[in-house]
Amino acid sequence: MQVKTYRGANSEEVIRQIKAELGPEAVILDTKTHRNNGSSCCEMTAALEESVPGNNGTAASSPFGDAAANSMPGWGQWHQEWNAIKEHLGALLRPQMDLSRLVPRQRLALEYLEREGVSLEVVLEIFRSLSEDPDSSVLAPLERMLGVKPLNSKKWPGKMHGVVGPHGVGKTSVLLRMAMRLRKEQPGLSICLVNADSRRSQGKLVLKHYADLSDITYRETSDPEDMARLLAETDKYDAILFDLPGLGRDMPLERFLSTSGLDQAKGLHLHLALSPQYSQEQLRAFLRQYRSPLVCSLIWTKLDEAFNYGGMVNAAQATGLPTSALSCGPGLTATLVPAKHSLVWRLLFKHQLPDGELS
Ligand SMILES: Nc1nc2c(ncn2[C@@H]2O[C@H](COP(=O)(O)OP(=O)(O)OP(=O)(O)O)[C@@H](O)[C@H]2O)c(=O)[nH]1
Ligand SMILES: [Mg+2]
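Owing to the predicted nature of the structure, the values given are computational and were not obtained by experimental measurement.

Draft legend 1. Highlighting the site of ligand 1. In the region of ligand 1, 19 residues are neighbours, and Gly 170, Lys 171, Thr 172, Ser 173 and Asp 304 sit closest. At a separation of 3.3 Å, an oxygen atom of ligand 1 approaches a polar side-chain atom of Ser 327. Contacts to ligand 1 include Gly 329, whose backbone N or O atom sits 3.1 Å from a nitrogen atom. Its free accessible area being 650 Å², ligand 1 has 77% of it covered by the protein chains. Listing elements by their share of the shell around ligand 1, those giving two or more residues are helix 6 (171–185) and strand 10 (323–328). Residue contributions to the shell around ligand 1 peak at four residues, all from helix 6. The residue makeup of the shell around ligand 1, split by class, is four nonpolar, ten polar and five charged.

Right, here's the structure in full:
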């Protein structure tokens, strides 16, 4: 473990030094404030576990960027401690968030976001950005944190897509809505729906039924041999959509991908389905469990059942992943819309669902 002491005029300055030198995984072990020739001086001792991959001061900004970290023994424990420390740091920094430095419009927006479940860490970052420019809108820093990349064939030209996420979050529904949309937009397309764990998935009958009705090929894979056979035949199809099962707590996505043989799929894009209904703790746990370089966007489901939408900003900021689609309503005729910033802001600030219905 690398341990070093940093000094500066205030805690923000010292934390900046620590982040720049040790990267975001550094842990603060001790904080002291001294008076030096009449002025105050902040001193922090920070530590860094040398075996954490990417900890050379240039750690990837996205926790999804490093697949190896997922398999590290003790990583979960480390992450838990870091989260606790970040909360303490937030509490320390909170008094410095002097809202009177903002114009009333900015202050109201920031207070609203906090009530909406946006984490203190994110609120502090927005505060810093707003306090530098009284004319700026809260949407400017929000747009930097929450990117969008609408789920349509122009923005996502790859032919293989899969939906992953917790049990019951709405993966099969999203996948079927994707397939229906593709069929409607491009009637001649040869589409294959793959049930990638036919032993466990509950959605088998639904998938098969809708595939039959819509002239879509239905395939099942239950082991790496089935998967290898399917992957050898991808040329037959224009679009291949994978329905993946929810994973047990002790099964990280990376392990599932390698045991199912899906890690061999070249050009596969996985989309992580989550719901803003989940608590911050649950969202953090799912983001850890489903981290993988193959996961390239977030799809938000069950928007009609959520009471606030701050978790969408927190997850986007924590992962750096763009939001690609918004889903609401049960049944297959319900809405799956490609994400746009205007739709996300309407949800966040007005609780207006993507189909225009007010919650
Ligand atoms: N209200 C609402 N219900 C939804 C939404 N999406 C899915 N559902 C319902 O949630 C239930 C579970 O949906 P599925 O699509 O089977 O979820 P899943 O993630 O595939 O579930 P597993 O495969 O069992 O992990 C079904 O009853 C869906 O109709 C949504 O956006 N809003
Ligand atoms: Mg399912």
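Draft legend 2. Summary view of the side chain of Ser 292. Mapped onto the secondary structure, Ser 292 falls in the loop between helix 10 (280–289) and strand 9 (295–300). Looking at Ser 292, its side chain comes within polar contact range of the side chain of Glu 254, at 2.9 Å.

Draft legend 3. Representation of the nonpolar core within the structure. Core analysis: the largest hydrophobic core is formed by 89 residues, its most contacted members being Phe 242 and Leu 326. Split by domain, this core shows at least three residues from each of two domains, domain 2 (97–145) and domain 3 (160–350). Residues contacting Phe 242, with those up to four places away along its chain left out, are Met 160, His 161, Gly 162, Val 163, Leu 175, Val 194, Ala 196, Met 227, Leu 230, Leu 231, Leu 262 and Leu 268. In terms of nonpolar packing, the next biggest core, distinct from the first, is built from eleven residues, Ile 18, Leu 22, Ala 26 and Ile 28 among them.

Draft legend 4. Summary view of the packing of helix 4 (residues 120–131) against helix 11 (residues 310–319). Closest axis-to-axis distance for the helix 4/helix 11 pair is 10 Å, and the angle between their directions is 80°. Classified by the angle between their axes, helix 4 and helix 11 sit roughly perpendicular to one another. Between helix 4, through Glu 121, Val 122 and Glu 125, and helix 11, the contact on the second element is made entirely by Val 313, Asn 314 and Gln 317. A class-by-class count of the residues in the contact of helix 4 with helix 11 yields two nonpolar, two polar and two charged.

Draft legend 5. Highlighting the confidence of the model for the chain. When pLDDT is averaged along the chain, the result is 84, and 84% of the positions lie at 70 or above. Scored below 50 in pLDDT, residues 52–73 makes 40 contacts in the model with residues more than four places away or belonging to other chains.

Draft legend 6. Focus on the packing of helix 3 (residues 104–115) against helix 4. Orientation of helix 3 relative to helix 4, taken along the N-to-C sense of each, is 170°, at an axis distance of 10 Å. Accordingly, the angle class assigned to the pair helix 3 and helix 4 is roughly antiparallel. Across the interface between the two elements, Gln 106, Leu 110, Leu 113 and Glu 114 from helix 3 touch Leu 120, Val 123, Ile 126, Phe 127 and Leu 130 from helix 4. Split into classes, the residues belonging to the contact of helix 3 with helix 4 amount to seven nonpolar, one polar and one charged.

Draft legend 7. Expanded view of the sheet that holds strand 6 (residues 217–220). With respect to topology, eight strands assemble into an open sheet ordered 6-5-7-4-8-9-10-11, the strand pairing being mixed. Across the chains shown, the open sheet's two edge strands, defined by having one partner strand only, are strand 6 and strand 11 (335–338). The mean inter-strand angle of the sheet, taken between neighbouring strand axes irrespective of direction, is 25°. By the bridge criterion, five bridges tie strand 8 (residues 269–274) to strand 9 in an arrangement that is parallel. Each residue of the ladder has a partner; that of Leu 272, found in strand 9, is Leu 298. Contacts between helix 7 (residues 204–213) and the sheet are confined to strand 5 (191–195), strand 6 and strand 7 (239–243), with strand 6 contributing the most and set at about 155° to the helix.

Draft legend 8. Local environment of the packing of aromatic side chains. On inspection of all chains with the given rule, the structure shows two aromatic pairs. When the centroid spacing of 5.5 Å and the interplanar angle of 25° are considered together, the rings of Tyr 112 and Phe 349 count as stacked. With Tyr 112 in helix 3 and Phe 349 in helix 12 (residues 341–350), this residue pair connects regions lying 237 residues apart in the sequence. Lying across the ring of Trp 156, Lys 149 places its NZ or CZ 4.0 Å from the centre.

Draft legend 9. A look at the side chain of Ser 136. Mapping Ser 136 onto the fold places it in the loop between helix 4 and helix 5 (139–145). Only 2.9 Å separates the side chain of Ser 136 from the backbone oxygen of Asp 133, close enough to count as a polar contact. Those residues in contact with Ser 136 that sit more than four places away from it in its chain are Arg 105, Gln 106, Ser 129 and Leu 130.

Draft legend 10. The arrangement of helix 12 in detail. Those residues of helix 12 lying buried are His 341, Leu 343, Val 344, Trp 345, Leu 347 and Leu 348. The elements touched by buried residues of helix 12 are helix 3, helix 5, helix 11, strand 10 and strand 11. With its phi angle positive at about 55°, His 351 sits one or two positions after the end of helix 12.

Reading the values: the criteria
Residues numbered from 1 in each chain as written. Chains lettered and ligands numbered in written order. Predicted model: local features only at pLDDT ≥ 70, side-chain atom pairs only at ≥ 80, totals over all residues. Heavy atoms only, no water. Near = heavy atom within 4 Å. Polar contact = N/O pair within 3.5 Å; in protein donor to acceptor, adjacent residues only side chain to side chain. Areas by Shrake-Rupley, 256 points an atom, 1.4 Å probe, with all protein chains shown as cover. Helix = DSSP H or I, 4+ residues; strand = E, 2+ residues; numbered from the N terminus. Nonpolar A, V, L, I, M, F, W, Y, C, P; charged D, E, K, R; others polar. Core = buried A, V, L, I, M, F, W, Y, C linked by side-chain atoms within 4.5 Å. Buried < 20%, exposed > 50% of the residue type's maximum accessible area, 1.4 Å probe, protein only. Domains from an automatic or database assignment. Contact = heavy atoms within 4.5 Å. Axes fitted to C-alpha atoms, helices over the stretch in contact; angles between N-to-C directions. Parallel < 35°, antiparallel > 145°, perpendicular 65-115°, else oblique. pLDDT = per-residue confidence, 0-100. Pairing = 2+ DSSP bridges. Phe/Tyr/Trp six-rings, centres within 6.5 Å; stacked < 30°, edge-to-face > 60°. Lys NZ or Arg CZ within 6 Å of the ring centre and 35° of its normal.

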